[in-house]
Amino acid sequence: MRIHHLHHGFCAKHERHERGGHGHHEHGGMEGKARMRRERLFDANDIRLLILHFLSSNAAHGYELIKSIEATAKGEYVPSPGIIYPNLSLLEEMGFIAAVQNDSSKKAWMLTEEGRAELAAQQEHLGHIIAKLESLGVLGDNRRLPEIQRAIHNFKMALNTKLGQSDLPKETLYKIIDTLDQAAKDIERS
């Protein structure tokens, strides 16, 4: 059975993990909400293909897989253990990966021949997933430029100051909306 078609038949436990059901308690505040949104950039099928991809090089622990995905996205996407470990268990049940004995007390996995065949069959889709991860890294690099950070900070301050006024006329609000729409168009077309 191909991974691509599996997500429709997951049991409720796996669906809850895909939606971040257990992750709500892991991360607090605004950073936690942003992280939860980032996790939804990839569905469970994508995560399973990434796991197979990284295990195709060598055996790894769950934490090492998380770090490999994070490194590819340059820190802009970090899958939670609640996403990785249930998918490792499922891939093991499917026969695509197997636990390996090592000196560590941590469980490590390796790709099986069936897993290699599945990964080979999904190369095109995997290429899109890897490209998406890498583009997140580029986005993060550009967003961390001091000039960009300064401009975004100034923009937020001006917008919040204006929108914080209780007597804001509708004409001013419409002008702000038009300015935001025009700025978005200018950025898209630059």
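Residues numbered from 1 in each chain as written. Predicted model: local features only at pLDDT ≥ 70, side-chain atom pairs only at ≥ 80, totals over all residues. Heavy atoms only, no water.

Per an unreviewed UniProt entry, the chain is named PadR family transcriptional regulator, and its organism is Buttiauxella gaviniae.

S.K.: I tried to follow the sheet that holds strand β1 (residues 60–61) on my own but got confused; where do I start?
M.R.: For sheets, the rule is that strands pair by backbone hydrogen bonds, running either parallel or antiparallel. Taken in spatial order, the three strands line up as β1-β3-β2 in an open sheet, and their pairing is antiparallel. Looking at the sheet topology across the chains shown, the edges are occupied by β1 and β2 (97–100). For β2 and strand β3 (residues 108–111), the ladder comprises four bridges, and the chain directions are antiparallel. Bridge pairing links Ile97 to Leu111 in β3. On top of the sheet, helix α3 (residues 44–55) reaches β1, β2 and β3; it is set at about 85 degrees to β3, its chief contact. (Pairing = 2+ DSSP bridges. Helix = DSSP H or I, 4+ residues; strand = E, 2+ residues; numbered from the N terminus. Contact = heavy atoms within 4.5 Å. Axes fitted to C-alpha atoms, helices over the stretch in contact; angles between N-to-C directions.)

S.K.: Got a minute to help me understand the pattern of salt bridges in this structure?
M.R.: Opposite charge on two side chains permits pairing when their charged atoms draw close. The final tally for this structure, using the stated rule, is six salt bridges. As a salt-bridge pair, Arg143 and Glu76 come within 2.6 Å of each other at their nearest N and O atoms. Here the residue Arg143 occupies a position in helix α7 (residues 123–143), and Glu76 occupies one in the loop between α4 (62–72) and α5 (81–94), the gap between them amounting to 67 residues. Glu76 gets classed as buried once you look at its relative accessible area, which sits at 11%. (Salt bridge = Lys/Arg side-chain N within 4 Å of Asp/Glu carboxyl O. Buried < 20%, exposed > 50% of the residue type's maximum accessible area, 1.4 Å probe, protein only.)

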